[in-house]
Amino acid sequence: MIQVQTSISPKTLGLFSMRLTNIFTNAKIFIKMKTLRFICAVLLTAMIGSNFIACSDDEDENKDEVVTPPKKLTQMKAIREGLTIDFEYDEKGQLSSAIVTIINGTSTYIHQYDYIWSGNIIFERTDYTTEATYTLEKGLIKDIQKKNGQYKNTLYFTYNNSKQLSTYKASYMGKDSEYRYNWNNNKITQMIYHYGEGSYFDPDSTIVSYNGEMAMGHYPLWFAEIMKADTLKSTSPLLIAHPELIGIGSKHLPSKIIEKYDGNCIFYYTYSFKEDGYIENCTKKTESIWGTSMEIYTFKWE
């Protein structure tokens, strides 16, 4: 019987031991990596699931939310003045026509205004001799060319950096007048007037006060206020319906306006609102050296 003796040197045994250790170490690392990957996959799946559930909940909540577009002014009345204006709009929400009805004693007068919007031009046509062309620049009216028979009248508007009305100038039969407006926190606080040659600006000519009341939509009487119109008969239905075209679409409502230059008039305003926040009526009380008067305005929105 032949016996074969093998001997392993200490060096060889050391190398074998190191390799065996590396194998087990790598195996442990591999197992740990697989475990880590598994845990990450589970966490990622949970996160995706929770996000999906959250998005689903948001979508379910959004299904119950209805975005209501702003209402349009469809009718305005001045009771004492005997005036009613009915407004109609096109599919874009732009004023297309207005019917002005004036009742004076036993007489009734009805006038129709039609509007054509064409790019930066708005054409106003009436059923009598008056017509007007409104020229817009960057969404704001730059000027209004009015024509009544042989007479022409031009109105010019400028704005501040916040696109709020800054000045209004009128030129009629060679005579110019200018109106200036000061703003503070999106509210007109001063209205300053300059009538023709020889007059002057009075910084305290008209002061506007507020008590914090605001309304949905807009304040339909702003155009008449800034134009110092004694009646709504001489105002434009377009700018009553779209005051934003001349930068006066503020929702802040005046509570008192003091005019120091003309009989020291003081106007007091009170309002009532519909449940949705739109103005339902406005009572305007006037006190001056000539006495006291009151006008009630009513509004319909749709």
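### Details of the overall build of the chain
Point 1. Across its full length, the chain holds 3 helices and 16 strands.
Point 2. Sorting the 302 residues of the chain into buried and exposed places 36% on the buried side.
Point 3. Nonlocal contacts in the chain, meaning residues at least 24 apart in sequence, comprise 38% of its contacts between residues at least 6 apart.
Point 4. About 19200 Å² of surface is accessible on the chain, with carbon and sulfur atoms providing 55% of the total.

### What about the environment of L239?
Point 1. Tracing the backbone through its elements, the reader meets L239 in helix α3 (residues 237-241).
Point 2. Remark: the alpha-carbon pair of L239 and A224, spanning 15 residues in sequence, is separated by 9.1 Å.
Point 3. When residues no more than four places from it in sequence are discounted, the contact partners of L239 are I141, I144, F223, L245 and I246.

### So, the pattern of salt bridges
Pairing between side chains of opposite charge can happen when their charged atoms approach one another.
Point 1. Inspection of every chain in the model, using the stated rule, returns 4 salt bridges.
Point 2. Here E225 makes a salt bridge to K284, at a shortest N to O gap of 3.5 Å. Highlighted residues: E225 in helix α2 (residues 222-226) and K284 in strand β15 (residues 279-288), separated in sequence by 59 residues.
Point 3. A relative accessible area of 4% means that E225 is categorised as buried.

Cut-offs used in this document
Residues numbered from 1 in each chain as written. Predicted model: local features only at pLDDT ≥ 70, side-chain atom pairs only at ≥ 80, totals over all residues. Heavy atoms only, no water. Helix = DSSP H or I, 4+ residues; strand = E, 2+ residues; numbered from the N terminus. Buried < 20%, exposed > 50% of the residue type's maximum accessible area, 1.4 Å probe, protein only. Contact = heavy atoms within 4.5 Å. Areas by Shrake-Rupley, 256 points an atom, 1.4 Å probe, with all protein chains shown as cover. Salt bridge = Lys/Arg side-chain N within 4 Å of Asp/Glu carboxyl O.

From the geometry alone we can't say anything about function, so treat these as descriptive.
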